Amino acid sequence: RRTAMARVSPSSGTRVGHAHATSRLFAQCFAFRVLNAFAVRTYFNADEFWQGPEVAHRFVFGYGHLTWEWERGLRGYAHVTIFAAVFKLAAWLGVDNTFVIAWGPRVAQAAIAGVGDVLTHQLARRWFQSDTAARYATFCSLACWFNWFCAVRTFSNCLEAVLTTGALVYWPWGTPAVGTASDANVSKEDSGKENARKNFGTANRVVAVALAGASCLVRPTAGLYFFPLFLTELIRTNTKIKFLCLECVPILCGTIGAGVAIDFYFSKKVYVAGWNFFLFNVLEGGSAAYGTHAWHWYLSQGYPAVATVFIPIAFFGCLSGRNTTRTKQSSGSSTLKSASKHASPPVSLRGAFWWEPFLVAAYTIAGHSIAKHKEFRFLMPAVPPTLAAAGGCLAVWHRDPAKKWRAKKAVSLILLTQIPAAAYLGWWHQSGTVPAMGMLANFAQNGEVGAGGIFFATPCHQTPFHSFMHQRSRVPVRMHFLECPPASVAGRTEGAPDEADLFFANPGPFLQSKFPLHDEHNEDNAPSHVVMFDGTSRDPGVAQWLDERGFAMKRNLFHAHFAVDRELQARVLIFARQVVDGRAGETLEEELTEELEEDLEEAEQEVAAPERGVGSGDVSHRAEL
């Protein structure tokens, strides 16, 4: 019995030690990502707000805008569930104020990003079987400008990337090199009594397939890069029937069933979001409505912009696996003698074939290149494996005395290139629209927003919406924005302008038509606040409309130094007109004066009326007047 305990205790102690180290690493990464979440104050893409927190706000609080994708059943609610839980908890605790509802989802996303950092750490440890490689990979993950800029935003792509990284950690990669800690190629720091694959992560195909299924549930496009991985495993494995029939098919059915159940719970409709997504974007070509790019855009522009200097570093990290394979095949026992002469044998890619990390990124790029519409954020799943391989390369150089200088130079290069990009894009570039919503929320809370509400005279979906305007009273603030659904959805002929196009083609007459001076009830229905970019305000028709309605500029916010995908929008302007009892129009002094004059006139008429008698009631009535 004592012998059995001696055999079990080291393994149990190792597992506890790894769990404690992982928990500590997550706490550190989570703290970093919370800081990251509040430091990023810029606008990137509308889906960050309109396809996550806005939908969750509608479900929990009863109001919020659903874009046309939800009406068509193109999106699933699995990702929205996270933010709905945050809002439910805030409402239950009675802390559902504007700040908590606006930034609570960001904190939840910071936790998800922290998990992603830990999984990148574990992926490098699995591939390179080295704690040094894992630490460098964590550094790369935290230093990467695109992770700083995008990982804490509430995109479904960010959750997809984390689930994909988890699947890669447990994926059954090829193992051409050493297998046990007694082999010469295992570095001294990584030696132990257990098998090296157990020390540095054991493949678990079922867990990997389940995480891949969850990734596809969140983003159906994940199937584009998982399919070749599954096909490779099907060819490689000796248990093909088990893999296909007992693992893939049940998990696929469970994923579809879970998606249908979640979507029905939220929408009370039965549909398969992934199938609708495929029909619209692939068969109907609907994704092209939001812009098209050349087939090579991800390879020539997207991936280099996202991964930057990590690409060549990751390339050398993968090549280290090629050198390891050659050394093992050619030197055999001579490696043992060579290793005994060095205190720290070199680190290399030993947990996978040398080309496999590159294939992961290649599958992601190739899969997303099929669609005509392309965006930088779609490449999020390709970033963690690139950073893991880059971390392995830094460890390879660090452990080789002749190349250690390379690691120092590479770290300096990473910091010099990543920090400026992360700071500028996260703090300054397109930084006006998000803070503007906080100001508008304060105006609404102070009763300054009239019955006409707020009108966003900007390109559609350039700001957050109700999730950033939440009031403790849970009464929605009236808001309007320029709609821009695809022609096939809105029933327009192909090429016909949408509402946003009509506005920017002739903004002055558009405003006069949408907000006439007096409607059929002889009421002024114009908004009390208007948000627009500085370029729009310089249009003569817009300037005339603002002047006629008594608008004055209330806020002038910096937004951008240069144009991105449209004309330069340098500043965000908030115009307002004075409000009386929730109505925009006359000043308080004018309205009170008019009401007082009416009351005095009515009183004089009653006093001057013929006497009805000299009763006490008459006397008191006249005294009151």
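Coordinates for the structure precede this section.
The rules behind these values
Residue positions are given per chain, counting from 1 as you read along its sequence in written order. Whole-chain, interface and lining totals are the exception, using all residues; otherwise, since this is a predicted model, local features are given only for residues with pLDDT of at least 70 and side-chain atom pairs are given and counted only at 80 or more. The basis for every side-chain value is the complete set of heavy atoms in the structure, and neither hydrogens nor water enter the calculation. Structural elements are reduced to axes, namely lines fitted to C-alpha atoms, with helices fitted over the stretch in contact, and the angle between N-to-C directions of any two is expressed from 0 to 180 degrees. For helices the rule is a DSSP run of H or I covering at least 4 residues; for strands it is a run of E covering at least 2, with both sets numbered from the N terminus onward. Note that the term roughly parallel is reserved for angles under 35 degrees, roughly antiparallel for angles over 145, roughly perpendicular for angles of 65 to 115, and oblique for everything else. Here is the rule for handedness: rotate from the far helix to the near one, and if that takes an anticlockwise turn smaller than a right angle the crossing is left-handed, while a clockwise turn gives right-handed. Here, residues are in contact when the closest pair of their heavy atoms is within 4.5 Å. Each residue receives one of three labels: charged for Asp, Glu, Lys and Arg, nonpolar for Ala, Val, Leu, Ile, Met, Phe, Trp, Tyr, Cys and Pro, and polar for the others, Gly being one of them. Buried means the residue's accessible area, taken with a 1.4 Å probe over protein chains only, is under 20% of the maximum for its type, while exposed means over 50%, and partly exposed covers the values in between. Any two strands with at least two DSSP bridges between them are considered paired.

*Asks:* Explain the packing of helix α9 (residues 156-170) against helix α11 (residues 205-218) to me, please; I cannot follow it from the model alone.
*Replies:* Pairs of packed helices are described in terms of their axes, by the angle between the two and the distance that separates them. Their axes nearest at 8 Å, the elements α9 and α11 cross at an angle of 165 degrees. With respect to each other, α9 and α11 are oriented roughly antiparallel. In this structure, α9 crosses over α11, and the sense of that crossing is left-handed. Residues Ser156, Leu159, Glu160, Leu163, Thr164, Gly166, Ala167 and Tyr170 of α9 lie in contact with α11, whose contacting residues are Arg205, Val207, Ala208, Leu211, Ala212, Ala214, Ser215 and Val218. When grouped by side-chain class, the residues that make up the contact of α9 with α11 number 10 nonpolar, 4 polar and 2 charged.

*Asks:* Which parts of the structure should I look at to understand the side chain of threonine 433?
*Replies:* Looking at where threonine 433 falls in the secondary structure, it is placed in helix α21 (residues 433-445). Residue class for threonine 433 comes out buried when judged on its relative accessible area of 2%. Those residues in contact with threonine 433, other than ones at most four positions away along the chain, are Tyr43, Gln462, Thr463, Pro464, Phe533, His559 and Val572.

*Asks:* Mind showing me how you'd approach the sheet that holds strand β3 (residues 529-533) here?
*Replies:* Taken together, 5 strands build an open sheet; the order of strands is β2-β1-β3-β5-β4 and the sheet is mixed. Only two strands of the sheet have a single neighbouring strand rather than two, namely β2 (479-481) and β4 (552-558). Shown here is a sheet whose adjacent strand axes are inclined to one another by a mean of 15 degrees, direction ignored. Here strand β1 (residues 454-457) pairs with β2 via 3 bridges, running parallel. Along β2, the bridge assignment pairs phenylalanine 456 with phenylalanine 481. Strand contacts of α21: β1, β3, β4 and β5 (571-576), with the helix running at about 15 degrees to β5, the strand carrying the most contacts.

Any link to function would need more than the numbers given here.
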